[in-house]
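If you want the building blocks of each chain, they are given just below.
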Amino acid sequence: MADVLIAVRELSRSYERGGQIVRVLDSLSMDVPRGAFIALMGPSGSGKTTLLNLLGGLDRADSGAIVAGGIDIVPLSDDDLARWRASAVGFVFQLYNLLPVLKAIENVELPLQLFGLPRRERRKRAALALDLVGLAHRTDHYPRELSGGQEQRVAIARALVTDPSFVLADEPTGDLDPHSSKEILDLLQHLNTDFGKTIVMVTHSRDAAARAQRIVHLEDGRIAAGGA
Amino acid sequence: MVPWRLVFAHARAQPLRWALTAGSIALAVFLYCTLQTVLAALDSLASGVSGNRLIASSAVSLFQSLPLSGVERIRAARIDGVREVGHWTWFGGVYRDPKEFFPRFGVDVETMRRQYGDLAPSGEAYLLSADDWDRFARSKGGCVVGRGLADRYALAVGDPLVLEGDIYPGTWQFEIVGVYASDNPTYDEETMFFHWSYLNEGMGRIDLVGTYTIDFAPGADAAAISAAVDDLFRNSSNRTLTQSEAAFQAQFISMWGNVGLLFGFIGASVIFATAVIALNTMLLGVRERVKEIGVLATLGFRRRSLSALFLAESFVICLGGAGLGMLLASALWHGQPLRMATVIFPAFGVPDSTLFVALGIGVGLALLAGVAPAVMASRVSIVRALREG
Ligand SMILES: Nc1ncnc2c1ncn2[C@@H]1O[C@H](COP(=O)(O)OP(=O)(O)O)[C@@H](O)[C@H]1O
Ligand SMILES: [Mg+2]
């Protein structure tokens, strides 16, 4: 059996909407092997974002377990979960989610503040991360001064700067033109193959999904195909 | 764990909003400091008075004259403890321009010297050399002016000083024979003293004075003396009200109404209004930045860090504003004399205690405006925040 980074067991999550309980994830189980690049697909509203949020410790499951590095993160306290996110997980969103008031390099530096690093060291690492995504020449630009593709690359640099083992990307190319999409996918693949990052990426695009080693289909809160 | 860079990035991104909020706090704190400074200055006016002096004025009104004969009458009564009886008379009048105001009093120079000058047993209020006192006493139309007054109008000994009378009509010529100083905040350096007898002669000997100044020996019964003095005039047409010099001074102050209460009310209202403004700004900030809060939480910032972020912003705005207001007040009111109508504050400066309270107000405002947003920020649901626009 391959080395499992994240093991999901019997995971359930319901939301209440208009007085009705909607079961978004229904006893879902899956393994994420270390070093894997998984594409998560499925119709809109099938629970992809919900699953990703649970995997990254942004949301709480109603029941089930998410075992990461030997510990179940489901019952962790808010603070412990925050600590775990800070050190183990990098997030990339469809709409980049950069802070508009911060320059590119300041956005990338932000998560490093949680590690008590001296300012000079933070700067150095942030500059390295920006260099890695090919934006060394845009450090002092504000997000509004960058193209969508560039913003997403800054967001990837921010996700990488703390050197997490696990990167979660929710439709990272959903808002980009084909050319920028290709650049972002190249970058994610590069992170997976050359840096060994484990990646789970939600996507609607077959081309994007083709970059992954495995495609998991989600339907009605369950894994329809590819979960094994 | 406060991401300070982010705090200042928001200030950088919305300079107008930050400046207006901090500016309104600065203005409120400046106003508070100024009002307190006026109150402290009013207090100090009465604080340095002699504890061994009574002032008798007309029981009818502060502006009603008393007969000169009353001075002799008090002396002749030989009231236990009374040491010296003098008199002061308010002249009014105009020097150069009605807007150029300073107080002018006609006095009996010899008794004034024994009550307020170098011969006063309780210490001198007006500092003038013995030679100057002698010269003043000998001159008929001589006058002495305070150092501040001399500086203001570039007056020196030997200069003429001409007043246009209003209460006492006519043009009055004086010659400056001395410039006094004072190191007691109650006794300003902005007053002119001249011989009452010169005024009286010019007016055809009407023999009226403003107040009687009654010095008594230390340890004497002040209440008994003032009762005895008032008794002397009880059945005359010139009844007196005799009170301590402090109480007499306070009378002028009370002409301003109940300033302490009024100032307190104004200050509190303005600070309350400012608190509402600051709270509104901060709440607006949280609502606009739900997404940012979600992103910070995603990156691993803990709930208390999110709270700290908004508290820190509130402290930067409120303490920054308060500091600015304090600085402004301290720079403007730094112990110089200030003339307000007929009252002169010899040393008009912001008291340390006021600055201390102003700092407290800054902290209070920061907490008031910051706690609710901080709590809101810590309660934001990450998932919902990320789903928002
Ligand atoms: N916070 C929430 N409150 C109520 N319903 C939610 C919430 N989050 C997600 N949902 C619902 O759960 C379902 C799955 O959502 P999501 O995971 O975003 O799907 P996907 O990402 O696959 O499009 C949708 O029907 C959505 O409306
Ligand atoms: Mg989604």
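Residues numbered from 1 in each chain as written. Chains lettered and ligands numbered in written order. Predicted model: local features only at pLDDT ≥ 70, side-chain atom pairs only at ≥ 80, totals over all residues. Heavy atoms only, no water.

1. A closer look at the overall build of chain B
A count of helices and strands for chain B gives 14 helices and 13 strands. In terms of overall dimensions, chain B is more spread out than a globule: its C-alpha atoms have a radius of gyration of 30 Å, far above the 21 Å expected for 389 residues. Here the C-alpha coordinates of chain B stretch approximately 95 × 45 × 35 Å along the principal axes. Counting over 389 residues, chain B shows a buried share of 51%. For chain B, long-range pairs separated by at least 24 residues make up 78% of all intrachain contacts whose partners lie at least 6 apart in sequence. (Helix = DSSP H or I, 4+ residues; strand = E, 2+ residues; numbered from the N terminus. Rg over C-alpha atoms; globule rule 2.2 N^0.38 Å. Buried < 20%, exposed > 50% of the residue type's maximum accessible area, 1.4 Å probe, protein only. Contact = heavy atoms within 4.5 Å.)

2. Re the overall build of chain A
The helix and strand tally for chain A stands at 7 helices and 10 strands. The globule rule puts the C-alpha radius of gyration for 228 residues at 17 Å, and the 17 Å found for chain A is close to it. Look at the contacts in chain A between residues 6 or more apart in sequence, and 69% of them connect residues 24 or more apart. Summed over all atoms, the accessible surface of chain A reaches about 9,700 Å², with 49% contributed by carbon and sulfur. Each charge sign in chain A was given a centre, from 26 positive and 29 negative side chains, and these centres are 4 Å apart. (Areas by Shrake-Rupley, 256 points an atom, 1.4 Å probe, with all protein chains shown as cover. Lys, Arg positive; Asp, Glu negative; His and termini not counted. Charge placed at Lys NZ, Arg CZ, Asp CG, Glu CD.)

3. Here we look at the packing of helix α1 (residues 4-13) of chain B against helix α12 (residues 303-332) of chain B
For any two helices packed against each other, the geometry comes down to the angle between their axes and how far apart the axes lie. Residue and element names in this part refer to chain B. Two elements in contact, α1 and α12, have axes whose closest approach is 10 Å; the angle formed by their N-to-C orientations is 55°. Classified by the angle between their axes, α1 and α12 sit oblique to one another. Two packed elements cross with a definite hand, and for α1 against α12 that hand is right-handed. Each of Trp4, Leu6, Val7, Phe8 and His10 in α1 lies in contact with α12, whose residues at this interface are Leu309, Ala312, Glu313 and Val316. (Axes fitted to C-alpha atoms, helices over the stretch in contact; angles between N-to-C directions. Parallel < 35°, antiparallel > 145°, perpendicular 65-115°, else oblique. Left-handed = near helix turned anticlockwise from the far one by under 90°.)

4. As for the site of ligand 1
Taken together, Tyr15, Arg17, Val24, Pro43, Ser44, Gly45, Ser46, Gly47, Lys48, Thr49 and Thr50 of chain A together with Arg387 of chain B are the residues near ligand 1. One finds residues of chains A and B in close proximity to ligand 1. Backbone polar atom of serine 46 of chain A to an oxygen atom of ligand 1: 3.3 Å apart, as the coordinates give it. Look at ligand 1: alone it shows 560 Å² of surface, and the protein chains cover 79% of it. Sorting the residues of the shell around ligand 1 by element identifies β1 (4-17) and α1 (48-55) of chain A as the ones contributing at least two each. By residue number, the principal contributor to the shell around ligand 1 is α1 of chain A, which donates 3 residues. Class assignment for the residues of the shell around ligand 1 results in 3 nonpolar, 6 polar and 3 charged. (Near = heavy atom within 4 Å. Polar contact = N/O pair within 3.5 Å; in protein donor to acceptor, adjacent residues only side chain to side chain. Nonpolar A, V, L, I, M, F, W, Y, C, P; charged D, E, K, R; others polar.)

5. Brief notes about the domain arrangement of chain B
According to the domain assignment, chain B contains domain 1 (5-45 + 257-388) and domain 2 (60-238). For domain 1 of chain B versus domain 2 of chain B, the distance between C-alpha centres works out to 49 Å. (Domains from an automatic or database assignment.)

6. What to know about the sheet that holds strand β7 (residues 166-170) of chain A
The strands that make up a sheet pair up through hydrogen bonds in the backbone, lying either parallel or antiparallel. Residue and element names in this part refer to chain A. Strand order in the open sheet formed by 6 strands is β6-β7-β8-β3-β9-β10, and the pairing between neighbours is mixed. Each of the sheet's edge strands pairs with one partner strand only, and the pair in question is β6 (89-92) and β10 (222-225). When strand polarity is set aside, the average angle formed by the axes of neighbouring strands in this sheet is 25°. Here 4 bridges tie strand β3 (residues 37-41) to strand β8 (residues 198-202), and the two strands are oriented parallel to one another. Within β8, the residue paired with isoleucine 38 across the bridge is valine 200. Relative to the sheet, helix α2 (residues 78-88) contacts β6 and β7, its axis offset from that of β6 by approximately 80°. (Pairing = 2+ DSSP bridges.)

7. Details of the interface of chain A and chain B
Listed as interface residues are 28 residues of chain A and, on the opposing side, 26 residues of chain B. Among the salt bridges present, the one from aspartate 78 of chain A reaches arginine 303 of chain B, with a minimum N-O distance of 2.9 Å. Here chain A is connected to chain B by 9 residue pairs in polar contact (both at pLDDT 80 or more). Elements supplying a minimum of two residues to the side of chain A that touches chain B: α1, α2 and α4 (119-132) of chain A. For the side of chain A that touches chain B, the leading source of residues is α2 of chain A, giving 6 residues. Here the side of chain A that touches chain B is built from residues that sort into 13 nonpolar, 5 polar and 10 charged. (Salt bridge = Lys/Arg side-chain N within 4 Å of Asp/Glu carboxyl O.)

8. A short note on the pairing of strand β2 (residues 20-33) of chain A
Residues and elements named next belong to chain A. Of the strand pairs in this sheet, β1 and β2 are connected by 10 bridges, and their pairing is antiparallel. Paired with leucine 11 across the two strands is leucine 28, which belongs to β2. Hairpin connection of β1 to β2: 2 residues between the antiparallel strands, including glycine 18 at a positive phi of 55°.

9. Some words on the confidence of the model for chain B
The predicted model of chain B averages 90 in pLDDT, with 96% of residues at 70 or higher. Ranking the elements of chain B by mean pLDDT puts strand β13 (residues 343-349) of chain B last, at 71, and helix α11 (residues 290-299) of chain B first, at 97. (pLDDT = per-residue confidence, 0-100.)

10. Points about the packing of helix α10 (residues 259-288) of chain B against helix α13 (residues 352-379) of chain B
Residues and elements named next belong to chain B. Where α10 meets α13, the closest approach of the two axes is 9 Å, and the angle between their N-to-C directions is 30°. The angle between α10 and α13 places the two elements in the roughly parallel class. When the axes of α10 and α13 are compared, the crossing they make is right-handed. Contact residues: Ile271, Thr274, Ala275, Ala278, Leu279, Met282, Leu283 and Val286 in α10; Ile361, Leu365, Leu368, Ala369, Ala372, Pro373, Met376 and Ala377 in α13.

11. Side note on the state of the cysteines
Enumeration over the complete set of coordinates arrives at 0 disulfides over all chains. Of the cysteine sulfurs around cysteine 33 of chain B, a residue in no disulfide, the closest is that of cysteine 318 of chain B, at 15 Å. (Disulfide = S-S within 2.5 Å.)

12. Structural notes on the pattern of salt bridges
Residue and element names in this part refer to chain A. In the structure shown here, the tally under the stated rule is 36 salt bridges over all chains. The partner of arginine 13 in a salt bridge is aspartate 62, and the shortest N-O contact between them spans 3.6 Å. Of the two residues, arginine 13 is situated in strand β1 and aspartate 62 in the loop between α1 and β4 (63-68); the sequence distance between them amounts to 49 residues. Taking the relative accessible area as the measure of exposure, aspartate 62 reaches 47% and is therefore partly exposed. Its salt-bridge partner being aspartate 26, residue arginine 23 comes within 3.2 Å of it at the nearest N-O pair. Residues participating in the shared-partner salt-bridge network are Arg13, Asp59 and Asp62.

13. Focus on the packing of aromatic side chains
All told, the structure shown has 26 aromatic pairs over all chains when counted by the stated rule. Aromatic pair phenylalanine 91 of chain B and tyrosine 168 of chain B: ring centres 5.8 Å apart, planes at 20°, arrangement stacked. Taken as a pair, phenylalanine 91 of chain B in the loop between β3 (82-90) and β4 (104-107) and tyrosine 168 of chain B in the loop between β6 (160-165) and β7 (170-180) lie far apart in primary sequence, 77 residues in all. In this structure, phenylalanine 91 of chain B and tyrosine 168 of chain B share a single accessibility class: buried. With centroids separated by 6.0 Å and ring planes inclined at 75°, the aromatic side chains of tyrosine 116 of chain B and tyrosine 187 of chain B adopt a geometry described as edge-to-face. Within this pair, whereas tyrosine 116 of chain B is found in helix α4 (residues 109-116), its partner tyrosine 187 of chain B is found in the loop between β7 and β8 (192-195), the two being separated by 71 residues in sequence. Pair check on accessibility: tyrosine 116 of chain B and tyrosine 187 of chain B agree, each one buried. Ring pairs connect the aromatic residues Trp88, Trp90, Phe101, Phe105, Tyr116, Tyr126, Tyr180, Tyr187 and Phe193 of chain B, which therefore count as one cluster. Here arginine 144 of chain A stacks its cationic end above the ring of tyrosine 142 of chain A, 4.9 Å away from the centre of that ring. The lysine or arginine in question, arginine 53 of chain B, covers the ring of tyrosine 116 of chain B, its NZ or CZ lying 3.8 Å from the ring centre. (Phe/Tyr/Trp six-rings, centres within 6.5 Å; stacked < 30°, edge-to-face > 60°. Lys NZ or Arg CZ within 6 Å of the ring centre and 35° of its normal.)

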